[in-house]
Amino acid sequence: NAGVTQTPKFRILKIGQSMTLQCTQDMNHNYMYWYRQDPGMGLKLIYYSVGAGITDKGEVPNGYNVSRSTTEDFPLRLELAAPSQTSVYFCASSWKGERNQPQHFGDGTRLSIL
Amino acid sequence: KQEVTQIPAALSVPEGENLVLNCSFTDSAIYNLQWFRQDPGKGLTSLLLIQSSQREQTSGRLNASLDKSSGRSTLYIAASQPGDSATYLCAVRTGNQFYFGTGTSLTVIP
């Protein structure tokens, strides 16, 4: 049972570089989410998707882009990395049908921008 | 905008004690509330999910209650164990947005 898999686990970027954080789930969940967690803070929703081809902004979307071409994958793109984007990034997925189901989280990507 | 608060920020108890963690939210128009556990360097593990129409959920030694009208939820942990040491977070769903508290760091002393 892989669940939600995130790669890479750690990454150091220079200011202005770009990168893609990968997220894949094998539970056939329709909803997927990207969060960031800063020290001493709660998780903040960056983007979410309700199904393949459909994405929408969360609370803190600036500086990020997403796409959802398949049910399984939901990559997060940083185009011009800034020090303020140093954080731990979590991907999650859930099934939403008649009743909401719990979110399942990956182990996170720890990103430092120097 | 939904604001979620968790009190206390940290809690230390001796093994075997029963304890209560608190979560409050400002907008009562929620779909559900979820309690998570986070171990250091790890992702979040879902403990309990309470739908907006429910008052409580139980799983083993854990019991979560929800009072939507007052904007409060509690997580009750019975007979605490050292393995319960972790950070506990609550999250509310409003529309398609999720809002998290900053968590309560729990240490259970053997």
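Everything here concerns the structure above.
Anyway, here's the lowdown on the structure attached to this text. (Residues numbered from 1 in each chain as written. Chains lettered and ligands numbered in written order. Predicted model: local features only at pLDDT ≥ 70, side-chain atom pairs only at ≥ 80, totals over all residues. Heavy atoms only, no water.)

### Quick look at the state of the cysteines
The cut-off we apply is this: The criterion for a disulfide is a pair of cysteine sulfur atoms lying within 2.5 Å. A helix here means a DSSP run of H or I that spans at least four residues, while a strand means a run of E at least two residues long, and both kinds are numbered starting from the N terminus. Between buried and exposed lies partly exposed: a residue is buried under 20% and exposed over 50% of the maximum accessible area for its type, with that area taken using a 1.4 Å probe on protein chains only.
Under the counting rule described, the total for this entry stands at 2 disulfides over all chains. Between the sulfur atoms of A:Cys23 and its disulfide partner A:Cys91 the distance amounts to 1.9 Å. On the S-S bond that ties A:Cys23 to A:Cys91, the torsion sits near -70°, and the link is left-handed. Note that A:Cys23 is positioned in strand β3 (residues 19-25) and A:Cys91 in strand β9 (residues 87-94), a separation of 68 residues in sequence. Grouping residues by exposure puts A:Cys23 and A:Cys91 together as buried. With a sulfur-sulfur separation of 2.0 Å, B:Cys23 is cross-linked through a disulfide to B:Cys90. One disulfide, between B:Cys23 and B:Cys90, carries an S-S torsion of 80° and so falls in the right-handed class. With B:Cys23 in strand β3 (residues 19-25) and B:Cys90 in strand β9 (residues 86-94), the pair connects residues that are 67 residues apart, well separated along the chain. The pair formed by B:Cys23 and B:Cys90 is uniform in burial state, with each residue classed as buried.

### Looking at the side chain of B:Asn63
All names here are of chain B. For clarity, the cut-off: Polar contacts, as used here, are pairs of N or O atoms within 3.5 Å; protein pairs need one atom able to donate a hydrogen and one able to accept it. Residues neighboring in sequence count only if both atoms are side-chain atoms. Working rule for contacts: check all heavy atoms of both residues, and any pair within 4.5 Å makes them a contact.
As for its position among the elements, Asn63 is in strand β7 (residues 62-67). Reaching out from Asn63, the side chain makes a polar contact with the side chain of Thr58 at a distance of 2.8 Å. Ignoring any residue separated from it by four or fewer positions in sequence, one finds Asn63 in contact with Leu48, Glu56, Gln57, Thr58, Thr74, Leu75 and Tyr76.

### Some points on the pairing of strand β6 (residues 54-57) of chain A
All names here are of chain A. Counted only if it meets this: Paired strands, as defined in this entry, are two strands with at least two bridges between them according to DSSP.
As judged from the 4 bridges shared by strand β5 (residues 43-51) and β6, these two strands associate in the antiparallel manner. Residue pairing for β6: Ser49 is matched across the bridge by Thr55. Connecting β5 to the next strand, β6, in antiparallel fashion are 2 residues, including Gly53 with a positive phi near 85°.

### Description of the interface of chain B and chain A
The criterion, for reference: Note: buried area is the sum, over both parts, of the accessible area (probe 1.4 Å) each one loses when the two are combined. Salt bridge, as applied in this entry: a Lys or Arg side-chain nitrogen positioned within 4 Å of an Asp or Glu carboxyl oxygen.
Each side of the interface is counted separately: chain B has 23 residues, and chain A has 26 residues. Across the chain B/chain A interface, buried area totals approximately 1900 Å², and carbon plus sulfur atoms make up 47% of it. The largest share of the area that chain B buries against chain A comes from B:Asn96, B:Phe98 and B:Phe100, three residues that together contribute 26% of it. For the pair chain B and chain A, the number of links is 1 salt bridge. The residue B:Lys1 makes a salt bridge to A:Glu59 at a minimum N-O spacing of 2.7 Å.

### Quick word on the environment of B:Lys68
Residue and element names in this part refer to chain B. For Lys68, the position within the fold is in the loop between β7 and β8 (72-77). Taking C-alpha positions, Lys68 is 7.3 Å from Ser52, a pair spaced 16 residues apart along the chain. Beyond its immediate sequence surroundings of up to four residues, Lys68 is in contact with Phe25, Ser28, Ile30 and Ser52.

### What about the pairing of β9(B)?
All names here are of chain B. Of all the 9 residues making up β9, 8 are buried; the element is thus mostly covered by neighbouring parts of the structure. Taken together, the 7 bridges between strand β4 (residues 32-38) and β9 define a ladder with antiparallel strand orientation. The residue bridging Asn32 from the neighbouring strand is Arg93, located in β9. Pairing of β9 with strand β11 (residues 104-109), which is carried by 3 bridges, proceeds in the antiparallel orientation. Bridged to Ala86 within β11 is Leu106. In this structure, β9 lies alongside strand β10 (residues 97-100), joined through 4 bridges in antiparallel fashion.

### Points about the environment of A:Phe105
You can see A:Phe105 is positioned in strand β10 (residues 104-105). According to the relative accessible area criterion, A:Phe105 is buried, its value standing at 10%. In contact with A:Phe105, other than residues within four places in its own chain, are A:Val4, A:Tyr35, A:Leu43, A:Phe90, A:Cys91, A:Ala92, B:Phe36, B:Leu44 and B:Phe100.

It is worth stressing that arrangement in space is one thing and function is another; only the former is reported here.
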